[in-house]
Number of protein chains: 2
Amino acid sequence: MKARVHVMLKTGVLDPQGEAVRHALGGLGFDGVEGVRQGKVIELDLADGTSEATVTEMCEKLLANTVIESYSIEMNA
Amino acid sequence: MKARVHVMLKTGVLDPQGEAVRHALGGLGFDGVEGVRQGKVIELDLADGTSEATVTEMCEKLLANTVIESYSIEMNA
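Keep in mind the model is a prediction, meaning the values are calculated, not measured.

1. With respect to the overall build of chain A
Broken down by element type, chain A carries two helices and three strands. Starting at the N terminus and walking to the C terminus, you meet the elements of chain A as β-α-β-α-β. Reported as C-alpha extents along the three principal axes, the dimensions of chain A are approximately 50 × 25 × 15 Å. Taking all 77 residues of chain A together, 36% fall into the buried category. Computed over 7 positive and 12 negative side-chain charges, the inter-centroid distance for chain A is 4 Å.

What follows is the structure, given as structure tokens:
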């Protein structure tokens, strides 16, 4: 089974990577880009029967820095 | 309006970041993690009426290195 985890900086935490992308898009002539936030996506290939609680534990222990990052989990059978 | 772009390394391209995460999860006692791929997620806050074609152009020109990365776009009103 597969799980996909999104890890994004929390609102209010400065995101210099996203800001750099926004600036570069402006420089390439793309108007109307009001904001950009960049985060990570982690695709996990897991043994069948792994619970969402286990993936939550992985996020808390390793995948996200919960002080400054939030995460969301999508489980796919 | 918002758009979300996922950028992942193409299948077959070595992903040392993902491999490091897989190894670290094993070290923390999480069994059954068969594979991990890590990519980027970019959330764009765009002017209303921006088309998906424009976002595709952003991906081709800046957001993804299409030689080794694939991307997917989700548009949200």
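2. Description of the relation of the copies chain A and chain B
Mapping chain A onto chain B calls for a screw motion: a turn of 180° about the axis and a shift of 0.0 Å along it, with 0.0 Å RMSD after fitting. The superposition operator between the copies reduces to a two-fold rotation axis. When each C-alpha of chain A is compared by its distance to the rotation axis, Lys 40 of chain A comes out closest, at 2.3 Å. When the interface residues of chain A are mapped onto chain B, 100% of them again lie at the interface, so the same face is used by both copies.

3. Side note on the nonpolar core
Residues Leu 25 of chain A together with Val 5, Leu 44, Leu 46, Met 58 and Leu 63 of chain B are the most contacted members of the largest nonpolar core, which totals 18 residues. Broken down by secondary-structure element, the contributors of at least two residues to this core are α1 (16-27) and β2 (33-46) of chain A together with β1 (2-9), β2 (33-46) and α2 (52-63) of chain B. Per-element tally for this core: the top contributor is α2 of chain B, with four residues. Once you skip the residues sitting within four places of it in the chain, Leu 25 of chain A turns out to touch Phe 30, Val 33 and Val 36 of chain A together with Leu 44, Met 58 and Leu 62 of chain B. With 17 residues, the next largest nonpolar core counts Val 55, Cys 59 and Leu 63 of chain A together with Leu 25 of chain B among its residues.

Here is what the cut-offs are and how they apply
- Residues numbered from 1 in each chain as written.
- Chains lettered and ligands numbered in written order.
- Predicted model: local features only at pLDDT ≥ 70, side-chain atom pairs only at ≥ 80, totals over all residues.
- Heavy atoms only, no water.
- Helix = DSSP H or I, 4+ residues; strand = E, 2+ residues; numbered from the N terminus.
- Buried < 20%, exposed > 50% of the residue type's maximum accessible area, 1.4 Å probe, protein only.
- Lys, Arg positive; Asp, Glu negative; His and termini not counted.
- Charge placed at Lys NZ, Arg CZ, Asp CG, Glu CD.
- Least-squares fit on C-alpha atoms with pLDDT ≥ 70 in both.
- Contact = heavy atoms within 4.5 Å.
- Core = buried A, V, L, I, M, F, W, Y, C linked by side-chain atoms within 4.5 Å.

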